[in-house]
Amino acid sequence: MIMKYGSFAYFLSIFTLIGIIIGLYFLLRNKSIRTKKIVFFSLVVFNVLQHLFKGAVWPHIANNGFVIENSAYNMCAFLILATPIVFVSKSKLWKDFITYLGINGGLVAILVPYWFIGQSIFTWEFLRFYVCHGLLLITSILPVLIGLHKVSFNNFWKIGFLFELALILVTFNNMCFI
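Residues numbered from 1 in each chain as written. Predicted model: local features only at pLDDT ≥ 70, side-chain atom pairs only at ≥ 80, totals over all residues. Heavy atoms only, no water.

**Q** Help me understand the overall build of the chain in this model?
**A** When helices and strands are counted, the chain shows seven helices and zero strands. In sequence order, the chain lays out its α and β elements as α-α-α-α-α-α-α. Taking 178 residues into account, the globule formula puts the C-alpha radius of gyration at 16 Å, and the chain, at 17 Å, falls close to it. Across the 178 residues in the chain, those meeting the buried criterion constitute 42%. Approximately 9900 Å² of the chain is accessible, and the part contributed by carbon and sulfur atoms is 71%. (Helix = DSSP H or I, 4+ residues; strand = E, 2+ residues; numbered from the N terminus. Rg over C-alpha atoms; globule rule 2.2 N^0.38 Å. Buried < 20%, exposed > 50% of the residue type's maximum accessible area, 1.4 Å probe, protein only. Areas by Shrake-Rupley, 256 points an atom, 1.4 Å probe, with all protein chains shown as cover.)

**Q** Where do I start with helix α4 (residues 75-88) in this structure?
**A** Three or four residues apart is the spacing at which side chains of an α-helix point the same way, because the helix has 3.6 residues per turn. An ideal rise of 1.5 Å per residue puts 20 Å on 14 residues; α4 measures up with 20 Å between its terminal C-alpha atoms. When the local axis directions of α4 are compared, the greatest deviation, roughly 45 degrees, occurs at A82, which is followed within four positions by the proline P84. Of all 14 residues in α4, 10 are buried, a share of seventy percent or more. Where α4 is buried, its residues contact α2 (33-52), α5 (92-111), α6 (124-145) and α7 (159-177). For α4, the capping residue at the N-terminal end is N74, with a side-chain oxygen 3.2 Å from the backbone nitrogen of C76. (Expected span 1.5 Å × (residues − 1). Bend = angle between axes of the 7 residues up to and from the residue. Contact = heavy atoms within 4.5 Å. Polar contact = N/O pair within 3.5 Å; in protein donor to acceptor, adjacent residues only side chain to side chain.)

**Q** Whenever I open this one, the state of the cysteines confuses me. Can you help?
**A** The term disulfide refers to a covalent linkage connecting the sulfur atoms of a pair of cysteines. Evaluated as defined, the whole model comprises zero disulfides. In this structure C132 is a free cysteine whose sulfur lies 7.5 Å from that of C76, the closest cysteine sulfur available. (Disulfide = S-S within 2.5 Å.)

Everything listed here is a matter of geometry and, on its own, says nothing about what the molecule does.
Here you go:
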């Protein structure tokens, strides 16, 4: 199956992710806060571990060691690595930041997969890409859907400043690797 905008493969990847989000919502909506947190943090930890240990998890990049792609080398990677720290903290502002940017980053990556246009979806890289960006979207929207976080629109105007700070941290990370 070749990925093209509007193709079966394109919509399959989108609807699969929507189905997982809806399924998790209905599975968790009447569960205890403790259960919701356990499921949420399990997903977060899985995403962080698959990001940090790509070479051990994904066979197509085995034995790469710890390289720049295992760090906070772009905004999505930064969001994946920051999510567990932010959601353990008490900062509603940073939680709003992760919610807004994580939903945006995960959604745009899934809706506009230009890296894979014209390529088969039956590759390890395609699966890795959809797992990490899908989990970024899920772990950004799920806390709001299941009541672990309530977005404060009073913080909306501050998100741009945090975005700039995050870009500075990503740039610093990349400079350290160079």
